[in-house]
Amino acid sequence: MTFEEGNKAIHPVETQWHYKMMVDSGFTPLDKEKQGFVRSYQYSKGDRIIECTTGSSRDYWNDRKTGQFGLWGDLKIHLENIS
């Protein structure tokens, strides 16, 4: 498979590292699937939107309401703090 072919792959939100944490915390995914190696999925809960990104070199999240962000290992702690 070439790089270009691999970058066309479709990734359902349910298969991503953040899905279970976000849904278990009451968030609803706004994006059902994304394409490519680097992709961002948005979740909402009330007036809060959190964007979770899978990248080529790291996975991270960004809370659009507060501007807080972190690497994948920090997401669960953040979700517990805002509940």
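If you're wondering where the values come from, they're calculated on a predicted model, not measured in any experiment.

J.: Explain the sheet that holds strand E5 (residues 48-54) here, please?
T.: Backbone hydrogen bonds hold the strands of a sheet together, and the pairing may be parallel or antiparallel. Spatially, the five strands line up as an open sheet ordered E2-E4-E5-E6-E7, and their pairing is antiparallel. Of all strands in the sheet, those with a lone pairing partner are strand E2 (28-29) and strand E7 (69-71), marking the two edges. Here strand E4 (residues 39-45) pairs with E5 via seven bridges, running antiparallel. Bridge assignment links Tyr41 to a residue of E5, and that residue is Cys52.

J.: Help me out: how do you make sense of the packing of aromatic side chains in this one?
T.: Scanning the model with the defined rule gives one aromatic pair in all. Where Phe3 meets Phe37, the ring centres are 5.0 Å apart and the plane angle is 40°; that geometry is what we call tilted. Residue Phe3 is found in helix H1 (residues 3-6), and its partner Phe37 is found in the loop between strand E3 (33-35) and E4; the two are separated by 34 residues along the sequence. When its relative accessible area of 57% is taken as the criterion, Phe3 is described as exposed. Assessed through its relative accessible area of 34%, Phe37 is described here as partly exposed. Cation over ring: Arg58 sits above Tyr60, and NZ or CZ is 5.1 Å from the ring centre.

J.: How should I be thinking about the environment of Ser25 in this particular structure?
T.: The topology assignment puts Ser25 in the loop between helix H2 (19-24) and E2. Residues within four places of Ser25 in sequence aside, it is in contact with Lys45 and Leu79. One polar contact links the side chain of Ser25 to the main-chain carbonyl oxygen of Met21, over a distance of 3.0 Å.

Rules used throughout
The residue numbers shown here count from 1 along each chain, following its written sequence. Reporting of local features is limited, given that this is a predicted model, to residues whose pLDDT is at least 70; pairs of side-chain atoms are given and counted only at 80 or more, and all residues count toward the totals for whole chains, interfaces and linings. Note: side-chain values were computed over all heavy atoms of the structure, leaving out hydrogens and water. Being paired, for any two strands, means DSSP has found at least two bridges between them. By definition, any uninterrupted DSSP run of H or I lasting at least four residues is a helix, any uninterrupted run of E lasting at least two residues is a strand, and each is numbered from the N terminus. In this scheme Phe, Tyr and Trp rings, the latter by its six-membered ring, pair at centre separations within 6.5 Å, and the angle between planes marks the pair as stacked below 30 degrees, edge-to-face above 60, and tilted otherwise. Buried means the residue's accessible area, taken with a 1.4 Å probe over protein chains only, is under 20% of the maximum for its type, while exposed means over 50%, and partly exposed covers the values in between. By definition, being over a ring means that NZ of Lys or CZ of Arg is both within 6 Å of the ring centre and within 35 degrees of the ring normal. We call two residues contacting when some pair of their heavy atoms lies within 4.5 Å. Polar contact criterion, stated in full: a pair of N or O atoms within 3.5 Å, where within protein one must be able to donate a hydrogen and the other to accept it, and residues adjacent in sequence count only if both atoms are side-chain atoms.

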